[in-house]
Amino acid sequence: MSSTETVDSSAVSSGTISDYVEAMGPSWIAGAIAAGPATIASLVTAGGAFGYSLLWVVVLSAGAGTLAQYLAMRLGLLTERGIVAVVEDNLGETWAWLLVGDAVLAAGVAQLVIMKTVATVSATVTGIDARIWGVVWALVLAAGLAGGGYRFLELAAKVLVLLVVVAFVASLFVVPIDAGAAVAGLVPSVPSGSALVAAGILGGAVHITLITMHSYTMRARGWTREDYDLATVDVGASMLVAFGIYSLAIFLVTASVLTSGDLTTVGAAEALGPLVGDSARWLFLLGLWGAAVSTLGGNTIVPPFLLADKLGWGTTIEDSRYRGLLVAVALLSAPGAFIGGNVLGQLVLVLALGTIGTPFAIALVLYLLNSDAVPESNSLVANVGGLSLIAVSGGLAANFVVEQLGGGVGPLSGFVLVFAVALGLAMVGLGGKFLREELLA
């Protein structure tokens, strides 16, 4: 089965909603990753610990995530190539390998913890040991992605994201929402101790894996510059609308009925039962399950896309080498189900590690969108928005590094520090290169 499908955007220009849903796709995979257990963990913690006061951050995260995907979409469509190849041609092999290492590290660590979450929720729902579920899901991933490729993943992402949104929105009807407090939460404020939680919410929407994968999923769909309008709608529908509603629903449910910021993602679902009834508990639990599964599938394709592009291989399942990478990443995720410890803290750590790598990815995208790599440069508004994303994500990353170093330099904190310093220096070098080119132009 071919994993590349050309879409005639004019065919849906005056069609029904179902026509648009069928035509859209690439950004829904990014939305499936964003709408994952790490984001749920941040939203649960925020709602349980701080009530409605961080609602403004939830709204902001949807807008920021949409902007980041829009910039990635522009680069992918205007170059009609994968981001790694574009970086290598315009900046050199060292920059390309740095991007690949950055993204693969973030996605690889996330893969293990996401598998642990999927297995844990599966065990809660079915009563079957989580470790067995880890092996089962790894095999399902390997067979599904190697056999169906991109189209299998896109269909799964669309179905699961829509079901997850419906599940969490439905839970709003069985949970009492304090409308007055919710409106007050739209006024920006940062309660004491909430900075890292706010960072987690924003980090889930603006993440290096989402930014780097977008050019490849659009190529898998066969989209070109002629599909610019459709691609823009795709980004808005998946990130601004679907992801935005999803985040709002989870946050409002937990802010309304939970009072502890120490709950795990599964614990939040279990806690809803005695508080507001078993229906809310099961809706939340099934929503969490769908979100974790969709994120696991979407995250699996990120390392194979980037590595295959860097090595000059095909990025569809027609290339057996790419298919082998898909199977390898899927199977290597199984050990995640055997990891001990509290998954909530691990999810936050995964999100934070990804946040460290995100400013560098955004900086690369902005550089390329203002270079000869594209036929038309970014607008001033798009550039200001991109720089704002770098400032926000960079600030979140800096906070995380400072927190890690607060207890001294150990193996983990030392790795985080080296990782952050290396990417920080790379960003400074990239900025200097851009300024020199502008001054000599």
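All values derive from a computational prediction rather than experimental measurement. (Residues numbered from 1 in each chain as written. Predicted model: local features only at pLDDT ≥ 70, side-chain atom pairs only at ≥ 80, totals over all residues. Heavy atoms only, no water.)

Enquirer: Describe in detail the overall build of the protein, supporting the description with residues and values.
Expert: Looking only at helices and strands, the protein features 18 helices and zero strands. Counting only residues that meet the buried cut, the protein has 57% of its 441 residues in that class. Of all intrachain contacts in the protein linking residues separated by at least 6 positions in sequence, the fraction that spans at least 24 positions is 85%. Element-wise, carbon and sulfur atoms account for 68% of the exposed surface of the protein, whose accessible area totals about 16600 Å². (Helix = DSSP H or I, 4+ residues; strand = E, 2+ residues; numbered from the N terminus. Buried < 20%, exposed > 50% of the residue type's maximum accessible area, 1.4 Å probe, protein only. Contact = heavy atoms within 4.5 Å. Areas by Shrake-Rupley, 256 points an atom, 1.4 Å probe, with all protein chains shown as cover.)

Enquirer: Tell me about helix α10 (residues 208–221), and please be specific about residues and values.
Expert: For α10, with 14 residues, the first-to-last C-alpha span of 21 Å sits near the 20 Å given by 1.5 Å per residue. Judged by how many residues are buried, α10 sits mostly within the fold: 13 of 14 residues are covered. Trailing α10 by a residue or two, Gly222 shows a phi angle of about 80°, which is positive. (Expected span 1.5 Å × (residues − 1).)

Enquirer: Account for the packing of aromatic side chains, with residues named and values stated.
Expert: Using the criterion set out here, one finds seven aromatic pairs in the structure. With 6.2 Å between their ring centres and 20° between their planes, Trp95 and Phe360 make a pair best called stacked. In this pair, Trp95 sits in helix α6 (residues 93–126) while Phe360 sits in helix α16 (residues 343–369), placing the two residues 265 residues apart along the sequence. Owing to a relative accessible area of 18%, Trp95 belongs among the buried residues under this scheme. On the accessibility criterion, Phe360 (0% relative accessible area) is buried. (Phe/Tyr/Trp six-rings, centres within 6.5 Å; stacked < 30°, edge-to-face > 60°.)

Enquirer: Give me the lowdown on the pattern of salt bridges, citing residues and values where you can.
Expert: With the rule as written, the count across this model stands at eight salt bridges. A salt bridge links Glu80 to Arg225; the shortest N-O distance between them is 3.8 Å. Here Arg225 lies in the loop between α10 and α11 (228–257) and Glu80 lies in the loop between α4 (55–79) and α5 (83–91), a separation of 145 residues in the sequence. Overall, the relative accessible area of 42% leaves Arg225 in the partly exposed class. The closest approach of N and O atoms between Lys310 and Glu88, which form a salt bridge, is 3.4 Å. Of this pair, Lys310 sits in helix α14 (residues 302–311) while Glu88 sits in helix α5; the two residues are 222 residues apart in sequence, bridging distant segments of the chain. If you follow the salt bridges from partner to partner, you end up with Glu88, Glu93 and Lys310 in one network. (Salt bridge = Lys/Arg side-chain N within 4 Å of Asp/Glu carboxyl O.)

Enquirer: Explain the nonpolar core to me, and be specific about the residues and the numbers.
Expert: If you look at the biggest cluster of nonpolar residues, it comprises 128 residues, and the most contacted ones within it are Ile83, Val87, Phe251 and Ile356. Residues within four places of Val87 in sequence aside, it is in contact with Gly92, Trp95, Ala96, Leu99, Leu364 and Leu368. Counting residues in hydrophobic clusters, the runner-up holds eight residues, among them Leu77, Met218, Trp223 and Tyr228. (Core = buried A, V, L, I, M, F, W, Y, C linked by side-chain atoms within 4.5 Å.)

Enquirer: I'd like to hear about the side chain of Ser393, residue by residue, with values.
Expert: Topologically, Ser393 is positioned in helix α17 (residues 380–405). On the basis of relative accessibility, which here comes to 4%, the residue Ser393 falls in the buried class. Setting aside its immediate chain neighbours within four residues, Ser393 contacts Thr355, Thr358, Pro359 and Ile362.

Enquirer: Mind laying out empty space enclosed by the protein, listing which residues take part and the relevant values?
Expert: Evaluation of the coordinates by the stated rule reveals four cavities of 30 Å³ or more. Space inside the largest cavity adds up to approximately 170 Å³. Broken down by secondary-structure element, the contributors of at least two residues to the lining of the largest cavity are α2 (26–34), α3 (37–50), α6, α10, α13 (278–300) and α16. Of the residues assigned to the lining of the largest cavity, the class counts are ten nonpolar, seven polar and no charged. (1 Å grid on protein atoms, 1.4 Å probe; cavity = no way out; pocket = protein on both sides within 12 Å on 5 of 7 lines; lining within 4 Å. Points joined across faces, edges and corners; volume = space filled by probe spheres on them. Nonpolar A, V, L, I, M, F, W, Y, C, P; charged D, E, K, R; others polar.)

Enquirer: So what about the packing of α3 against α11? Which residues, and what values?
Expert: Contact geometry of α3 with α11 gives a least axis separation of 7 Å together with a crossing angle of 40°. Relative to α11, α3 is oriented oblique. α3 and α11 meet at a crossing whose hand is right-handed. Packed against α3, whose contacting residues are Thr39, Ile40, Leu43, Val44, Ala46, Gly47 and Gly48, the element α11 presents Phe243, Tyr246, Ser247, Ile250, Phe251, Thr254 and Ala255 at the interface. (Axes fitted to C-alpha atoms, helices over the stretch in contact; angles between N-to-C directions. Parallel < 35°, antiparallel > 145°, perpendicular 65-115°, else oblique. Left-handed = near helix turned anticlockwise from the far one by under 90°.)

Enquirer: Explain α11 residue by residue, including any values.
Expert: Compared with an ideal rise of 1.5 Å per residue, which puts 30 residues at 44 Å, α11 spans 43 Å between its outermost C-alpha atoms and is within 8% of the ideal. By the largest-angle criterion, Phe243 marks the main kink of α11, which is about 30°. With 22 of 30 residues buried, α11 is to be regarded as a mostly interior element. (Bend = angle between axes of the 7 residues up to and from the residue.)

Enquirer: Now, about the side chain of Ser247: what can you tell me, with residues and values included?
Expert: Checked against the element boundaries, Ser247 lands in helix α11. Residue classification places Ser247 among the buried positions, given a relative accessible area of 1%. Those residues in contact with Ser247, other than ones at most four positions away along the chain, are Leu43 and Val58.

Enquirer: Got a sec to walk through a nonpolar patch on the surface? Specific residues and values, please.
Expert: A surface patch of nonpolar side chains, amounting to about 300 Å² of accessible area, comprises Ile128, Ile132, Val136 and Val140. For Ile132, a relative accessible area of 47% puts it in the partly exposed group. (Patch = residues over 30% accessible without salt bridge, like charges linked within 9 Å, V, L, I, M, F, W, Y side chains within 5 Å.)

Enquirer: Summarise the environment of Ala119; cite the residues concerned and give the values.
Expert: Structurally, the position occupied by Ala119 is in helix α6. With relative accessibility at 1%, the residue Ala119 sits in the buried group. As a C-alpha pair, Ala119 and Val135 span 16 residues in sequence and 8.9 Å in three-dimensional space. In this structure, Ala119 is in contact with Ala130, Trp133, Gly134 and Ala337, ignoring residues within four places of it in sequence.

Enquirer: Could you give an account of the environment of Ala182, naming the residues involved and the relevant values?
Expert: Relative to the elements of secondary structure, Ala182 occurs in helix α8 (residues 179–184). Linking Ala182 and Leu54, residues 128 residues apart in sequence, is a C-alpha distance of 9.3 Å. Among residues more than four places away in sequence, those in contact with Ala182 are Tyr52, Leu55 and Leu252.

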